[in-house]
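Survey of secondary and tertiary structure
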Amino acid sequence: MALARILFSVILGAPPALAWAQSLPSLALPIDCEIGTTCVVQNYVDREPGPGARDYHCGFLTYDGHKGTDIRVIDAQSYQRGVAVLAAAPGRVRAVRDGMQDASVRRLGKAAVAGREAGNSVVIAHGNGWETQYAHMRKGSIAVSAGQTVKAGEKLGSVGLSGNTEFPHLHLEVRRDGKVVDPFAGPLAGEGCGERGVPLWEADASTRLTYVPTGLLEADIAGAPPRVGDGRVDRGAMKLFGSDAPTAVFWAQIYGARAGDVEELRLIAPDGSLAASRRAPLQRNQAQHLSYIGKRRGGSAWPAGTYRGEYAVYRGEGGERIVSVTREVTLAAGQGD
């Protein structure tokens, strides 16, 4: 009813309500990436007022006390090239921090980033008490300075791994008068995950940021089980799959795994036979989940041809397929690793 009264007042032209409505920022996408392809929204603002955590959809893509929106870069090549962080709305830069190293907090320890949990970051003031903060940026990438006026879409820096984080992502925090506002629920939303107000995203950003409760992070075929570093599969330490590889391994990593989901992995040899397979339910909720199957090589080299990995996740009584991905690697005759 409060929202209806305010909107009704705006229609009638009541000055206080109109001023309030006009003060709402309209937020553009704050990162230059393709949502669902090179990046995903992995965490939202925690909408559960007490212990526990729920996102604005009453889902599990958050954790207790989380105050922002985490947009994770999942494409390693894009991350290495640099993914730009953009101003979500026009304003004046209020504060900047740079110089912190890009390293997982698991390696550094939380004491090393105490008081600087946001890492390399930028805070922009938008007027009427509104501000946005852009956290965990790459060392040396900050492209603005305090006091500078910026436009929506202007580059602020690049996504990094600084501060209290375990994987490369942008943490966007929206505040009004120092109080956190969930941009997906809006400032009029009551407490609780099911309460909605007026979302702050502009139309294009809202469409691109459609809620996806579970999705793929990465998948591939390798010559050995994957190693995890900084909260993600370490591509640099991965053994390539070649004719002399000791094992053929198909792996997949997802976000938003839920207890009771059924995952299925299949590794198919060039002759169409199953080299390895597994189908089993997941036992617990996980922010991210890594799974793999494989087969050891015998005395001879792996046969030439195309190896295919298939991964799927099914949810609910009807077994709805919510994640599906395939990966292929072709070995030429005599190809080494």
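See above for the structure.
Now for a quick tour of the structure. (Residues numbered from 1 in each chain as written. Predicted model: local features only at pLDDT ≥ 70, side-chain atom pairs only at ≥ 80, totals over all residues. Heavy atoms only, no water.)

To continue, consider the nonpolar core. Ranked by size, the top nonpolar core spans 45 residues in total, and within it I31, V122, I124, Y134, L156, V159 and L209 carry the most contacts. Of all the secondary-structure elements, those providing two or more residues to this core are β1 (39–43), β2 (69–73), β5 (120–127), β6 (130–137) and β9 (169–176). Every residue in contact with I31, bar those within four places of it in the chain, is listed here: I71, V73, V83, A84, L86, V159 and L170. Of all hydrophobic cores here, the second largest spans 23 residues; its members include I221, L265, L267 and Y311. (Core = buried A, V, L, I, M, F, W, Y, C linked by side-chain atoms within 4.5 Å. Buried < 20%, exposed > 50% of the residue type's maximum accessible area, 1.4 Å probe, protein only. Helix = DSSP H or I, 4+ residues; strand = E, 2+ residues; numbered from the N terminus. Contact = heavy atoms within 4.5 Å.)

This part is about the environment of Y311. Position of Y311 among the secondary structure elements: in strand β18 (residues 305–315). With 19 residues separating them in the primary sequence, Y311 and T330 have C-alpha atoms 18 Å apart. Discounting chain neighbours no more than four positions away, the residues touching Y311 are F250, A252, I254, E263, E264, L265, H289, V323, S324 and V325.

For the rest of this paragraph, the subject is the layout of surface pockets. Counted as a void, the largest pocket has a volume near 910 Å³. In terms of lining, the largest pocket is formed by 38 residues, of which the most central are N43, Y63, H66, D70 and N164. Mapped onto the lining of the largest pocket, the elements with two or more residues apiece are β1, α4 (105–108), β6, β9, β14 (247–257) and β17 (286–296). For the lining of the largest pocket, the class distribution of residues is 11 nonpolar, 16 polar and 11 charged. (1 Å grid on protein atoms, 1.4 Å probe; cavity = no way out; pocket = protein on both sides within 12 Å on 5 of 7 lines; lining within 4 Å. Points joined across faces, edges and corners; volume = space filled by probe spheres on them. Nonpolar A, V, L, I, M, F, W, Y, C, P; charged D, E, K, R; others polar.)

Our next topic: unusual backbone geometry. In the Ramachandran plot, H136 falls in the positive-phi region, its phi being about 70° despite a non-glycine side chain. Relative to the elements of secondary structure, H136 occurs in strand β6. Residues other than glycine seldom take positive phi values, yet D177 does so here, at roughly 55°.

Read these as spatial facts, not as claims about activity.
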